[in-house]
Amino acid sequence: MQTFVADHIGRVLSRQFDTHVTIGNINLGLLNRIIIENISIQDQHRDTLFNAARMSAKMQVLPLAHGKIVIDNVQLFGFNVNLYQKNAEEAANYKFILDKFASNDTTKSRLDLRINSLLVRRGKIKHHLYFKPKTPGRFNINHLDLQQISLTASLKAFSPDSMNFSLKKLSFKEQSGLSLKKMAMRFTANTERAILKDLEINLPKSSFHINLVEANYEGRPTKENINTWFRTLHFNGFITPSHITLSDFSSILPIFNHVNDALYYQGEINGLPRQIWLHDFRMFSRNRSVNLFADFCADFTHTTTATPTLMANVKDFNLKSSAHDFITNNPTGHQQQIHTVIKKLGDINFQGKATYKKDDLHADGILHTQIGDLKINGNLLDKNEIDATISSSQLQMNKLLADDPKNMPLQSITFDLSLKGKLIEDKHPNIYAKGNIKELTFKEHRYQNIYIDLRHRAQGFEGKVKIDDPHGAISLAGRLNLKSTIPYAKLDIKVKDFNPHALNLISEHDSTTFSAHITTDLTDNFPNKIKGELLIKDFSMTSPDGYYSINDIAITSHSDNNKQQLTLQSDFIQMKADGKFNYTTLPATMKKIGHKYLPSVFSAPQNPRTTTDSLNFLVRVLNTDPLQKVVCLPLYIPEPGQIEGKIIGRSDKIEFTGYIPEVEYDNELLREIALHCHSYQNDIQTGFSLIRKMKDKDVSLGVNATAGSNLLHTEFIWDDGANIRNSGVVATTTQFLPQENKKMEAIVRFT
């Protein structure tokens, strides 16, 4: 009989919902109890929409005569709900059920329902939007899979005018790892007042508690009066001491995966018409190394959408130096770098206000650290456009940038800057900075009022910087971009009465000033083919010994027909290099030549194919006045000397010769200085010789060297040319042997 009834009801429901419904058994128990076992409902794609091992309910009959529904007990065991939507155009698989229950009757019903006990065990609910991407291992609202659902609750009253609901326990696990251990609360409401008591939400390592929230309003909210009803809503309550452990939310934000230290919090909740406040909110770590005291507000007053204006008033935020382990406890792989910065900042304190409205952020606050203070006031519009002022007071940069502050030349900085522009424009920042560095201490000298007017755009800079110091004035203006499609450097630098000794930059040249005008107009029209000129004009040096000046120094680079030419013109040195070469691969070409003959000494370049530079060069030294006057090097040549040669990278060939007739160094005369180098197939040969006056004798000194196959043969030669001749040769052979870990062993033998 029970099976017959189950089959009959199953067929009726199948016709009613136009789908397939099966019921294993229906048991009409005593005392108005009905038990349904093994019920299954398919959707219209013939997939299982709902099934349950057991459903039961016990209803009181007498209250029905008074229009009341009283259910003593409802139980649902071992159920599965499978909800999905295949694509955006197709309806969800459960919509046909909702359509069947939809009513065209617009009259108000007077439902009066009471459920004394609601018990749910071993439940599963899946909800998938299959046209949305999946995120395995991460929480995804479009792909929910709730398991082990357990619910114990009661609904003491539910009518249009009142509600009394008690949730004793709700728990579940989600496939991403998110787990709700327990949720409990008591809620009562009528047409004037609602009370939420003893709200408790427990996750594995977190707990949230509200002992009481009381709300007052006018009337019952409906679809038609919802906006008017919200304007009458007032509520207040208290978040009692609770704690949160961020690793509980690692399925939402994986960065929190290893953050297992708890944060404790409490505060007061207030609601006004179209405003929600969190007053006197306090959050702190167990040892109080992290401590926040603030007010927060969500304001719907000036919006017609559900997006509020968010406001924060941070009365006090403290981050002690002992908290840096807590802050950097994350799996991003950058812990040590962040750890170092936090440690050097020491104890951090922030006070300020922030407002966020429709992608626009305004912030105004001051950050106090161990190395100084930083003030910020500005706006970030549309999440990209910045308009702000930032200022500092004696930021101790030496403590931030160096492990030993005493060895850091940059010591402190005080500035007041305005920033305008866009964080991203055409994939790069476009920021305009203007203002003053009021004070900058570098190598114990205090610079004041450094004017800045710069723009950072497309990875380059343009604008001007001006320093007006009693010990020197420097101005720099122009444009510089080394990462552009066509890199360029167009600069104008003026230096006047610059005293590097007074600025503690050098120990020489006491009471000496320098002036110069430097201009550059350089572009890189082809890969590594620089074109333009660097010009140094009006160079002068004024010292107690007199006045010294240098005529123009011009360095010119020109490229034509895949050839490069570099020249240097001045009244003390001249240079010319021409051929097929570029400046970035030339060092690698020299390294490749060295590796051919001494591979254990010179490592091979990373890309040998690019080391094909070919050039001829000539350097003529006309005089050494700048070395004597500017560098204080006691070197003098009465006659010009020169060195010339060529480099052919494709064949690993290098040749050069050099000769200086006479050099006087620190009152010692050296004559007939000669230098040569020539590479061959199997070795490279070099030589250096000169004549030196020693005990009134002209002594010839020389060194000859031959390198190849990791062997270096060297001869040290001397000959005084006297009647009683004193001459000789000391020869050595050095063998270079490669070792592990890129080390090298050298064995020297005298032959």
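A. Broad picture of the overall build of the protein chain. The number of helices and strands found in the protein chain is eight helices and 41 strands. The C-alpha radius of gyration computed for the protein chain amounts to 42 Å, which surpasses the reference 27 Å derived for 751 residues by more than 25%, pointing to a less compact arrangement than a globule. The dimensions of the protein chain, computed from C-alpha atoms along their principal axes, are 145 × 60 × 50 Å. Within the protein chain, buried positions represent 36% of all 751 residues. Summarising the internal contacts of the protein chain: among those between residues at least 6 apart in sequence, 42% fall at separations of at least 24. Here the protein chain has roughly 44200 Å² of accessible surface; of this, 56% comes from carbon and sulfur atoms. Here the protein chain contributes 88 positive and 79 negative side-chain charges, whose respective centroids are spaced 11 Å apart.

B. Structural context of the pairing of strand β32 (residues 614–621). Sheet topology places strand β31 (residues 573–580) next to β32; eight bridges connect them, and they run antiparallel. Counterpart to K580 in the pairing with β32 is S614. Alignment of β32 against strand β34 (residues 641–648), held across eight bridges, turns out to be antiparallel. Opposite R620, over in β34, you have Q642 as the bridge partner.

C. Just a nonpolar patch on the surface, in detail. The grouping of L675, F688, V703 and F716 at the surface amounts to a nonpolar patch, some 290 Å² of accessible area in total. Residue position: F716 is located in strand β39 (residues 711–719).

D. Structural view of the nonpolar core. Counting 47 residues, the largest nonpolar core has F50, F79 and Y217 as its most contacted members. Counting residues in each nonpolar core, the second largest holds 22 residues, with L345, I348, I413 and L503 among its members.

E. Main features of the packing of aromatic side chains. Per the stated rule, a full pass over the model turns up eight aromatic pairs. Ring centres of Y264 and F284 lie 6.0 Å apart, and the angle between their planes is 20°; this geometry places the pair in the stacked category. Here the residue Y264 occupies a position in strand β12 (residues 262–272), and F284 occupies one in strand β13 (residues 275–285), the gap between them amounting to 20 residues. In this structure F284 comes out as buried when scored by relative accessible area, which is 14%. The interplanar angle of 40° and the centroid separation of 6.1 Å between the aromatic rings of Y265 and F281 together place this pair among those described as tilted.

F. Geometry of the environment of T733. Here T733 shows up in strand β40 (residues 727–738). Between the C-alpha atoms of T733 and I673, which are 60 residues apart in sequence, the distance is 25 Å. For T733, the residues in contact, after removing those within four places along its chain, are L711, L712, H713, I747, V748, R749 and T751. Of the polar contacts made by the side chain of T733, one reaches the side chain of H713; its length is 3.1 Å.

G. Region of the structure containing the confidence of the model for the protein chain. Overall, the predicted model of the protein chain reaches an average pLDDT of 88, with 94% of residues at or above 70. Counting contacts from residues 330–336, a segment whose pLDDT is below 50, to residues more than four positions away or on other chains yields seven contacts.

H. How the structure looks around helix α7 (residues 586–597). Helix length check: α7 (12 residues) gives 18 Å between terminal C-alpha atoms against 16 Å at 1.5 Å per residue, within 8%. Three or more residues of α7 are buried, namely T589, K592, I593, G594 and Y597. Taken together, the buried residues of α7 touch β34, β35 (653–665), β36 (668–679), β37 (684–694) and β38 (697–708).

I. Layout of the pattern of salt bridges. Overall, the coordinates contain 20 salt bridges when judged by the stated rule. When the shortest N-O distance is used, the salt bridge between D698 and R671 registers 2.8 Å. Placement of the pair is D698 in strand β38 and R671 in strand β36, with a sequence separation of 27 residues. The class of D698 is partly exposed, set by a relative accessible area of 33%. Judged by relative accessible area, which is 22%, R671 ranks as partly exposed. Sharing partners across several salt bridges, the network here consists of R671, E672, K693 and D698.

J. A look at the side chain of S392. Within the secondary structure, S392 sits in strand β19 (residues 385–393). Judged by its relative accessible area of 8%, S392 falls in the buried class. Among residues more than four places away in sequence, those in contact with S392 are D373, L374, I413, T414 and F415.

K. Structural context of the side chain of S14. In this fold, S14 is placed in helix α1 (residues 2–17). Overall, the relative accessible area of 14% leaves S14 in the buried class. Ignoring sequence-local partners within four residues, the contact set of S14 consists of T19, H20 and V21.

L. Representation of the pairing of strand β4 (residues 69–85) in the model. Of all 17 residues in β4, 13 are buried; the element is thus mostly enclosed. Pairing of strand β3 (residues 48–59) with β4, which is carried by nine bridges, proceeds in the antiparallel orientation. Across the sheet, the residue bridging to M59 is I71, located in β4. Two strands pair when backbone bridges link them, and β4 and strand β5 (residues 113–129) are joined in this way by 13 bridges, in the parallel orientation.

M. Main features of a positive patch on the surface. Together, K420, K434, K464 and K466 make up a region of like positive charge exposed at the surface. Mapped onto the fold, K464 is located in strand β23 (residues 460–469). Residue class for K464 comes out partly exposed when judged on its relative accessible area of 42%.

N. Representation of unusual backbone geometry within the structure. Positive phi, normally seen in glycine, also occurs at D280, with a value near 50°. Mapping D280 onto the fold places it in strand β13. For D666, which is not glycine, the phi dihedral falls at a positive 50°. When you line up the elements, D666 lands in the loop between β35 and β36.

O. Spatial organisation of the environment of D364. Locating D364 in the fold gives a position in strand β17 (residues 360–369). We classify D364 as partly exposed; its relative accessible area is 36%. Distance in space between the C-alpha atoms of D364 and N260 is 32 Å, their sequence separation being 104 residues. Not counting residues within four places of it along the chain, the set of residues in contact with D364 comprises G352, K353, I376 and N377. Looking at D364, its side chain comes within polar contact range of the side chain of N377, at 3.5 Å.

About the criteria used
Residues numbered from 1 in each chain as written. Predicted model: local features only at pLDDT ≥ 70, side-chain atom pairs only at ≥ 80, totals over all residues. Heavy atoms only, no water. Helix = DSSP H or I, 4+ residues; strand = E, 2+ residues; numbered from the N terminus. Rg over C-alpha atoms; globule rule 2.2 N^0.38 Å. Buried < 20%, exposed > 50% of the residue type's maximum accessible area, 1.4 Å probe, protein only. Contact = heavy atoms within 4.5 Å. Areas by Shrake-Rupley, 256 points an atom, 1.4 Å probe, with all protein chains shown as cover. Lys, Arg positive; Asp, Glu negative; His and termini not counted. Charge placed at Lys NZ, Arg CZ, Asp CG, Glu CD. Pairing = 2+ DSSP bridges. Patch = residues over 30% accessible without salt bridge, like charges linked within 9 Å, V, L, I, M, F, W, Y side chains within 5 Å. Salt bridge = Lys/Arg side-chain N within 4 Å of Asp/Glu carboxyl O. Core = buried A, V, L, I, M, F, W, Y, C linked by side-chain atoms within 4.5 Å. Phe/Tyr/Trp six-rings, centres within 6.5 Å; stacked < 30°, edge-to-face > 60°. Polar contact = N/O pair within 3.5 Å; in protein donor to acceptor, adjacent residues only side chain to side chain. pLDDT = per-residue confidence, 0-100. Expected span 1.5 Å × (residues − 1).

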